[in-house]
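Close look at the chain arrangement
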Amino acid sequence: MALTRRGMAGMIAGAMVTATLRPAFAAGGEVRMLIWDGYADPEWVADFEKQTGYTVRATYATSADEQIAKMKASGGKDYDIVAVDSASIKTFVDQKLITPLDMARLSSFDNLLPDFKNFQGPIFGGVRYGVPLAWGSLGLVYDKATFPEPPKSWAVMWDPKYKGRVISQDDANNNINLGAIMLGLDDPFNVKPDEFPLIRTKLAELRGNLLTYFAGFDEGTTLFAENNVVLMFSMGELSAIALQKKGFDVGYAIPDEGALGWMDSLTLSAGATNVDGAYAWMNFLLQAKYGADMTKKFGYGSTTSAEGAPDYTSRLKWAKPPEDLAMRQTVWNEVRSGAN
Amino acid sequence: MDDRRDLWRMGWAAFCLGLPFLFVLAPIGTFILYSFWHNESGALVREFTLENYRAFFADPVFRSIYLQTVALCLGATIVNLVAGYGIALFASRRPPRLRFALILMFMLPLFTSYIIKVYAVRGILGHRGVLNELLIASGLISEPITAFIFSQSAIFLTFIVLYLPFAILPIYLSIERIPENLGTASADLGGSQMDEIRHIILPLSLPGVVVAALFNFVMTFGDFVTPTMVGGTEGFTFGRIVFSQFGVALNWPLGAALAVILLATSVLAVGVAGLAMRWSTAR
């Protein structure tokens, strides 16, 4: 999901900040950031540089794996700030790639909306490693002509009435999460061994009702557009927006069982050389005005502004590192092979 | 003077041998090596083990998908051999200029990107595709036929469309090489056209058929993009299983072992093809 979200945002943004050339004056030079698309809009960077005298160098990653590889290569010395998603932040902490935040220096923390102040994702052993910046969900895209009211349950995807008109992601991890959410498991990211067969059966039933699986954001919207699809387990809010732009009358729902959410936090690299600059950027970016602008420009939910943001944050299950990815892949392969 | 020339020659030889070593043998060697290691709680353990191969033979999912994929690819190969042979034979019997135009026409798809062709096939077979629109417009059906796409048969059909040129070309070239006077002699001796095809052209063009079969089988067997894109929920082939081990599962050793099995299957196909070739030329 992360990869496509980034690709899409990149296209929408259309512009990228790279090394900004500017004479080094005033306070301490360059802030180097390893982030996702949409987290350093050129307009914000210009404001920041004018206000503080720092310069910004942003490097955009395409996957968490790539981030980890880049950070490990230099022990984090190449970056001051890293934007980390909630599913991989534990790895960053375990591998000592990021370092605890000094809350006394993070004056912008008060700007966070209450939901995100209380978000436990970046806290390990009582110590805070990151400050939430942006979020999104993996919801249900539905055809409004078929469903005048947003579907209340994911079970609608299993309904034989819509056989052959439903599409779903071809992703092991997200499907196991969906199955776990459908079964109402307490913790969808910590599936017990005896629960896997139940999830497998559930997903195998869904397979029979699907038109096809899709891999990637664009593939999902294309398949929806080219066939008479009415329901999609989507890769995020942007899927509905992209389809609406193509002229399809679709809605985006978070069913009552809940849905998967992703949450990215800004963290301080263990090898940061410009710590002052890093805090300056965090304090600068975490303002309602930039949060609202991010939602407007890139469609991400913001942690500092509810302006234009959806109201379903409380129903999202924030992605955590799952119990056993290899096991999830094995179960998913069994579902895909039709061996059930 | 001689020394310098020797040096050049040695350098050139090293270059010619070094490139394939660096870009073909070394990577293959690496993944064969990986296939004998294993993962333990996410970390690579560099100890010799047959665990990954045992996993393949013990796992009913791996085995059944493997056999299904072999059957699918053999089927597509056979259809393409028959169709390719017919087209190649037909083309070779036309006057030279028409012959060239015909072959060029069938080779033209090779100038287009593979992925565009898959999308094109989907655009034709899809629910709102050209074929359905035509059928609806002509009044033959009122609702789009959904069976055209997202099934095993869609994969089969797409394989045939994509890989037919690789069957036509080698067969055509081997038919072309058969001296014309053999046909004339056959006719002089009272042989019919069917006799000529059966006793002269078919046996002499067998090497081309073998190469065509090889191309088709090896290429379809390794293709995991087509099944994903047009196969729907049935689009799960052996290539996809290999691929899945390099995703979130991040089990490179198992993925490498499965890739070795894929490679071994292709090598086996080459071996069978070689034997068939020797058998056909020996006769």
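Residues numbered from 1 in each chain as written. Chains lettered and ligands numbered in written order. Predicted model: local features only at pLDDT ≥ 70, side-chain atom pairs only at ≥ 80, totals over all residues. Heavy atoms only, no water.

1. Let's talk about a nonpolar patch on the surface
Residue and element names in this part refer to chain B. Nonpolar side chains collect at one region of the surface, where Trp12, Phe15, Leu19, Phe21, Leu22, Phe23, Val24 and Leu25 lie side by side and expose about 890 Å² of accessible area between them. Relative to the assigned elements, Leu25 resides in helix α1 (residues 2–34). The exposure class assigned to Leu25 is exposed, which follows from its relative accessible area of 52%. (Patch = residues over 30% accessible without salt bridge, like charges linked within 9 Å, V, L, I, M, F, W, Y side chains within 5 Å. Areas by Shrake-Rupley, 256 points an atom, 1.4 Å probe, with all protein chains shown as cover. Salt bridge = Lys/Arg side-chain N within 4 Å of Asp/Glu carboxyl O. Helix = DSSP H or I, 4+ residues; strand = E, 2+ residues; numbered from the N terminus. Buried < 20%, exposed > 50% of the residue type's maximum accessible area, 1.4 Å probe, protein only.)

2. Examining the sheet that holds strand β11 (residues 231–233) of chain A
Backbone-to-backbone hydrogen bonds pair the strands of a sheet. The strands run either parallel or antiparallel. All names here are of chain A. Reading across the sheet, the five strands line up as β10-β9-β11-β8-β12 and stay open at both edges, with mixed pairing between neighbours. Only two strands of the sheet have a single partner each, and these edge strands are β10 (210–214) and β12 (250–253). Averaged over neighbouring strand pairs, the angle between their axes works out to 20° when direction is ignored. Two elements, strand β9 (residues 166–169) and β10, share four bridges in a ladder whose sense is parallel. Paired with Ile167 across the strands is Thr212, a residue of β10. (Pairing = 2+ DSSP bridges. Axes fitted to C-alpha atoms, helices over the stretch in contact; angles between N-to-C directions.)

3. Focus on the interface of chain A and chain B
The interface is formed by 25 residues belonging to chain A together with 23 residues belonging to chain B. Counting across the chain A and chain B interface gives three salt bridges. The closest approach of N and O atoms between Arg122(B) and Glu226(A), which form a salt bridge, is 3.8 Å. Inspection of the chain A/chain B interface yields ten residue pairs in polar contact (both at pLDDT 80 or more). When residues of the side of chain A that touches chain B are traced back to their parent elements, those giving at least two are β10, α8 (217–226) and α12 (325–337) of chain A. No other element matches α12(A), which puts seven residues into the side of chain A that touches chain B. Of the residues belonging to the side of chain A that touches chain B, the class tally is ten nonpolar, eight polar and seven charged. (Contact = heavy atoms within 4.5 Å. Polar contact = N/O pair within 3.5 Å; in protein donor to acceptor, adjacent residues only side chain to side chain. Nonpolar A, V, L, I, M, F, W, Y, C, P; charged D, E, K, R; others polar.)

4. A word on the pairing of strand β1 (residues 30–35) of chain A
Residue and element names in this part refer to chain A. Counting buried residues in β1 gives five out of six residues, a clear majority hidden from the surface. The pairing of β1 with strand β2 (residues 55–60) spans six bridges and is classified as parallel. Each bridged residue has a counterpart across the sheet, and for Met33 the counterpart in β2 is Ala58. Viewed along the sheet, the connection from β1 through helix α2 (residues 42–52) into β2 turns out right-handed. (Right-handed = clockwise from strand over helix to strand, strands pointing away.)

5. Regarding the confidence of the model for chain B
Of the residues in chain B, 96% have a pLDDT of 70 or more, and the chain-wide mean is 89. Mean pLDDT values over the elements of chain B span from 79, in strand β2 (residues 43–45) of chain B, up to 95, in helix α3 (residues 60–92) of chain B. (pLDDT = per-residue confidence, 0-100.)

6. Examining the pattern of salt bridges
All names here are of chain A. The full count for this structure, using the stated rule, is 16 salt bridges over all chains. Lys297 is paired through a salt bridge with Asp41; the nearest N and O atoms lie 2.9 Å apart. In this pair, Lys297 sits in helix α11 (residues 288–298) while Asp41 sits in the loop between β1 and α2, placing the two residues 256 residues apart along the sequence. You can call Asp41 buried: its relative accessible area is 8%. In this structure, Asp276 and Arg105 form a salt bridge, with 2.5 Å as the shortest nitrogen-oxygen distance. Here Asp276, found in helix α10 (residues 275–285), pairs with Arg105, found in the loop between β4 (98–99) and α5 (114–117); they are 171 residues apart in sequence, far enough to count as distant. One network of salt bridges, in which partners are shared, links Asp41, Glu43, Asp293 and Lys297.

7. Focus on the domain arrangement of chain A
Looking at chain A, the domain boundaries give domain 1 (2–136 + 262–309) and domain 2 (140–253 + 320–337). Measuring from the centre of the C-alpha atoms in domain 1 of chain A to the corresponding centre in domain 2 of chain A gives 30 Å. (Domains from an automatic or database assignment.)

8. Some points on helix α6 (residues 172–182) of chain A
Residue and element names in this part refer to chain A. Across the eleven residues that make up α6, a large majority, eleven, are buried. Those residues of α6 lying buried are Ala172, Asn173, Asn174, Asn175, Ile176, Asn177, Leu178, Gly179, Ala180, Ile181 and Met182. Residue Asp171 occupies the N-cap position of α6, its side-chain oxygen lying 3.1 Å from the main-chain nitrogen of Asn173. Positive backbone phi, approximately 70°, marks Gly184, located one or two places after α6.

9. Digging into the packing of aromatic side chains
Per the stated rule, a full pass over the model turns up 34 aromatic pairs over all chains. Residues Tyr34(B) and Trp252(B) carry aromatic rings whose centres are separated by 6.1 Å and whose planes lie at 50° to one another, so their mutual orientation is tilted. With a gap of 218 residues between them, Tyr34(B) in helix α1 and Trp252(B) in helix α13 (residues 252–282) connect regions that are remote in the sequence. Relative to Phe243(B), the ring of Phe224(B) has its centre 5.0 Å away and its plane inclined at 25°; by these criteria the two rings are stacked. Taken together, the positions of Phe224(B) in the loop between α10 (206–222) and α11 (225–230) and Phe243(B) in helix α12 (residues 238–244) put the pair 19 residues apart, joining distant regions of the chain. We classify Phe224(B) as partly exposed; its relative accessible area is 28%. By relative accessible area, which is 44% here, Phe243(B) ends up partly exposed. Residue placement shows Lys202(A) over the ring face of Trp158(A); its charged tip is 5.5 Å from the ring centre. The residue whose ring lies beneath Arg94(B) is Phe90(B), and the NZ or CZ to ring-centre distance is 4.1 Å. (Phe/Tyr/Trp six-rings, centres within 6.5 Å; stacked < 30°, edge-to-face > 60°. Lys NZ or Arg CZ within 6 Å of the ring centre and 35° of its normal.)

10. Some remarks on the packing of helix α7 (residues 152–176) of chain B against α10(B)
Residue and element names in this part refer to chain B. Between α7 and α10, whose axes approach to 7 Å, the crossing angle comes to 160°. Taken together, the axes of α7 and α10 lie roughly antiparallel to each other. Every pair of crossing elements has a handedness; the one defined by α7 and α10 is right-handed. Across from Phe159, Tyr163, Phe166, Ala167, Pro170, Ile171 and Ser174 in α7, the residues of α10 making contact are Gly208, Val209, Val211, Ala212, Phe215, Asn216, Met219 and Thr220. A class-by-class count of the residues in the contact of α7 with α10 yields eleven nonpolar, four polar and no charged. (Parallel < 35°, antiparallel > 145°, perpendicular 65-115°, else oblique. Left-handed = near helix turned anticlockwise from the far one by under 90°.)

11. Quick look at the nonpolar core
Counting 96 residues, the largest nonpolar core has Trp154(A), Met157(A), Leu231(A) and Phe238(B) as its most contacted members. Split by domain, this core shows at least three residues from each of two domains, domain 1 (2–136 + 262–309) and domain 2 (140–253 + 320–337) of chain A. Once residues within four sequence positions are removed from consideration, Phe238(B) is found in contact with Phe56(B), Phe62(B), Ile65(B), Tyr66(B), Thr69(B), Phe221(B), Leu258(B), Ile261(B) and Leu262(B). (Core = buried A, V, L, I, M, F, W, Y, C linked by side-chain atoms within 4.5 Å.)

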